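# A structural walkthrough
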Amino acid sequence: MDTATVDVGELTELLLDEQFYAGDPHPVLARLRVEAPVVRDRRYGFWAVTRHRDVFEISRDNDRFVSGYGVNLAHFVPEPLPVPGSLLSCDPPIHTHYRRTLWDAFTPTKIRALAPLVRARAVALLDAFAADTDAPVEIVSALAVPYPLIVLAELLGLPIDDWHEYGHWMDAAVRTNNPHALAEDRAVVDHMRVFLLQAVAERRGTDAPGVITMLADHRDADGTPLTDRELLMFLLQLFIAGNETTRNTITGGIVALAENPAQWAMLRADRSLVDKAVEEILRYTSAVTHFFRTALVDTSVGGVPVAQGDKIFLSYTSANRDAEAFGPTADQFHIARSPNPQLAFGFGAHFCLGAALARLEVRVLLEEMLDRFTALELAGPVVRLPNVAIAGFAHAELRFDRA
Ligand code: HEM
């Protein structure tokens, strides 16, 4: 397809094509934003929404646009499920109830308490490859994969040395999100369920640190404990939501810094920019490409009528490059960008519950890198992954000059 000249109505087909995000999706998204910001997809019938203001408006309006009918194409359901597959795919009142249950693990005090552990993990990983400065480092496997998995293990209260295995489980769990999943992957997921429920049973009534103990001992206001299905839903959701998202934000951020050496130099010269740099990395990488909503009533989006029951595709990748929100430099990587109303974590009732933890992980990593490296440089081609939901990286080799 020649994406520069083809009829704009055909472009929405690309939004669910896994090769789309493995290349450069931005020219197509820019065309959609200008020529057809709210446009119906001809194959599946959903509305593709690409402007920042529309994605923001829909995300914050949980009365008109709901998540309970599913937030990705593979998981649409005719009626909301009594126990949702995830916190993402439900609405109030159950969503409010579940979110309160999990919130205790993400309060500012809890996240602050995790900070020394997060720093220790970042230091250990960076020190392992900082010794030999001449050799290029493949940062996906050496850093971006282990770091969030180890932090998630700390958060949940699982042994961190088994992070390889958790990664293997999560990969299998993500692959089973597909009707043709392999029996082998299903068996891995079954094993993981047994393991997690056993961990819940072992920690119940103990003072062991971590979210597993917190959920094992949770009681609703009327004294009801969580069911096994609810427990598994929470634990899997945390592992899945906190893993590839953070991994690819980190890889994308480091690659962007290597591709823009002046930005790394600016950050080295002024460390007070670190928090802004984290926001810019989130915006620029937009690890989560999209989620869907369903219109609960007949309404309109950006002046286009939308009917009750219609599915709406919210493109975070596109919203985060919208010049209307980010000005003429929207396509450039500027660590000092301000204001930066990035939507990488979504917005509204479903705003990423792990946002503070993800920000902490990226910030701590940047700080530790600033202590060690004067310059970052790409040492080979950057390979992106074919994936519809996550803007992922398979491989990125870099050379680091030590301070
Ligand atoms: C840079 C990394 C991350 C990105 C880009 C990201 C992005 C997102 C996005 C876009 C949403 C959905 C918002 C919506 O539907 O409106 C979300 C929800 C969620 N995220 Fe994250 N996330 C990240 C890291 C994490 C981490 C580390 C955790 C936990 C350990 C986490 C847990 C969750 C949960 C539980 C939800 C569901 C919230 C709800 O539906 O109420 N995320 N995230």
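Each remark here, short or long, concerns the structure printed above.
Let me begin by describing the structure that accompanies this report. (Residues numbered from 1 in each chain as written. Predicted model: local features only at pLDDT ≥ 70, side-chain atom pairs only at ≥ 80, totals over all residues. Heavy atoms only, no water.)

### Some thoughts on the sheet that holds strand 4 (residues 137-138)
Defined as follows: Note on pairing: two strands pair once DSSP finds at least 2 bridges between them. Under the DSSP-based scheme used, a helix requires at least four consecutive residues in state H or I and a strand at least two consecutive residues in state E, with every element numbered from the N terminus. When checking whether two residues touch, look at their non-hydrogen atoms; a contact exists if any pair is within 4.5 Å. Lines fitted to C-alpha atoms define the axes here, with helix axes fitted over just the stretch in contact, and angles between the N-to-C directions of these axes take values from 0 to 180 degrees.
Taken in spatial order, the three strands make up an open sheet running 4-12-9, and their pairing is antiparallel. Of all strands in the sheet, those bounded by a partner on one side alone are strand 4 and strand 9 (373-378). Two elements, strand 4 and strand 12 (residues 397-402), share two bridges in a ladder whose sense is antiparallel. Residue pairing across strands places V137 opposite L398, the latter belonging to strand 12. Strands in contact with helix 15 (residues 355-372) are strand 9 and strand 12; relative to strand 9, the strand with the most contacts, it is inclined by about 105°.

### Quick word on the coordination of the iron atom of the ligand
The condition that has to hold: Counted as coordinating are nitrogen, oxygen and sulfur atoms within 2.8 Å of the metal, or 3.2 Å for Na, K and Ca, while water is not included, which may make sites look incomplete.
Among protein residues, the single donor to the iron atom of the ligand is C352 (SG), with a metal-donor distance of 2.3 Å. Its place among the elements puts C352 in the loop between helix 14 (323-326) and helix 15.

### Concerning the packing of helix 3 (residues 94-103) against helix 10 (residues 228-259)
Heads up, the rule is: Note on angle classes: values under 35 degrees are labelled roughly parallel, values over 145 roughly antiparallel, values of 65 to 115 roughly perpendicular, and the remainder oblique. Rotating anticlockwise by less than a right angle from the far helix to the near helix defines a left-handed crossing, while the corresponding clockwise rotation defines a right-handed one. Residue polarity follows a fixed list, in which Ala, Val, Leu, Ile, Met, Phe, Trp, Tyr, Cys and Pro are nonpolar, Asp, Glu, Lys and Arg are charged, and the others, Gly among them, are polar.
Orientation of helix 3 relative to helix 10, taken along the N-to-C sense of each, is 65°, at an axis distance of 12 Å. Judged by the angle between their axes, helix 3 and helix 10 are roughly perpendicular. Crossing angle aside, the handedness with which helix 3 passes helix 10 is right-handed. Across the interface between the two elements, Y98, T101 and L102 from helix 3 touch E230, M233, F234 and L238 from helix 10. Of the residues contributing to the contact of helix 3 with helix 10, the split by class is five nonpolar, one polar and one charged.

### Examining the layout of surface pockets
Just so we agree on the cut-off: Lining residues are those with an atom within 4 Å of a point, where the points come from a 1 Å grid over the protein atoms alone and group into cavities, where a 1.4 Å probe fits but cannot get out, or pockets, open sets with protein on both sides within 12 Å along at least five of seven lines. Grid points are joined across faces, edges and corners, and a volume is the space filled by probe spheres set on the points.
Taken as a whole, the second largest pocket encloses approximately 380 Å³ of empty space. Considering the residues around the second largest pocket, the lining is formed by 17 residues, among which H26, Y284, R321, R384 and F393 are closest to the centre. Of all the secondary structure elements, the ones that give two or more residues to the lining of the second largest pocket are helix 10 and helix 12 (274-285). If one sorts the elements of the lining of the second largest pocket by residue count, helix 10 sits on top with four residues. Class assignment of the residues belonging to the lining of the second largest pocket gives a composition of eight nonpolar, five polar and four charged.

### Regarding the pairing of strand 12
One ladder, built from five bridges, connects strand 9 with strand 12; its direction is antiparallel. The partner of F373 across the bridge, within strand 12, is R402.

### Details of the site of the ligand
Convention followed: Residues are labelled near a given molecule or strand when at least one of their non-hydrogen atoms is within 4 Å of it. In the analysis that follows, any N or O atom pair within 3.5 Å is treated as a polar contact, provided that within protein one partner can donate a hydrogen and the other can accept it, and provided that, for residues neighboring in sequence, both atoms belong to side chains.
Within the structure, the ligand sits among 28 residues, and H95, R99, R293, H350 and C352 are positioned closest to it. In the model, an oxygen atom of the ligand is placed 3.4 Å from a nitrogen or oxygen of the L87 main chain. In this structure, a nitrogen atom belonging to the ligand sits 3.5 Å away from a main-chain N or O atom of A241. Elements with a contribution of two residues or more to the shell around the ligand: helix 3, helix 6 (146-156), helix 10 and strand 5 (290-295). Per element, the largest residue contribution to the shell around the ligand is six residues, and it comes from helix 10.

### Regarding the sheet that holds strand 5
In space, the five strands of this open sheet follow the order 1-2-8-5-3, with mixed pairing throughout. In this open sheet, the two edge strands, each paired with only one partner strand, are strand 1 (38-40) and strand 3 (65-66). Where strand 5 lies against strand 8 (residues 311-315), five bridges are found, and the strand directions are antiparallel. Its bridge partner lying in strand 8, F292 is registered against F313. Contacts from helix 2 (residues 52-60) reach strand 1, strand 2 (47-49), strand 3, strand 5 and strand 8 within the one sheet, and its direction differs from that of strand 8 by about 125°.

### Thoughts on the environment of D17
Under the convention used in this document: The classification of residues rests on relative accessible area computed with a 1.4 Å probe and restricted to protein chains. Under 20% of the type maximum is buried, over 50% is exposed, and intermediate values are partly exposed.
When you line up the elements, D17 lands in the segment before helix 1 (26-35). Residue classification places D17 among the partly exposed residues on the basis of a relative accessible area of 30%. Separated by 2.8 Å, the side chain of D17 and the backbone nitrogen of Q19 make a polar contact.

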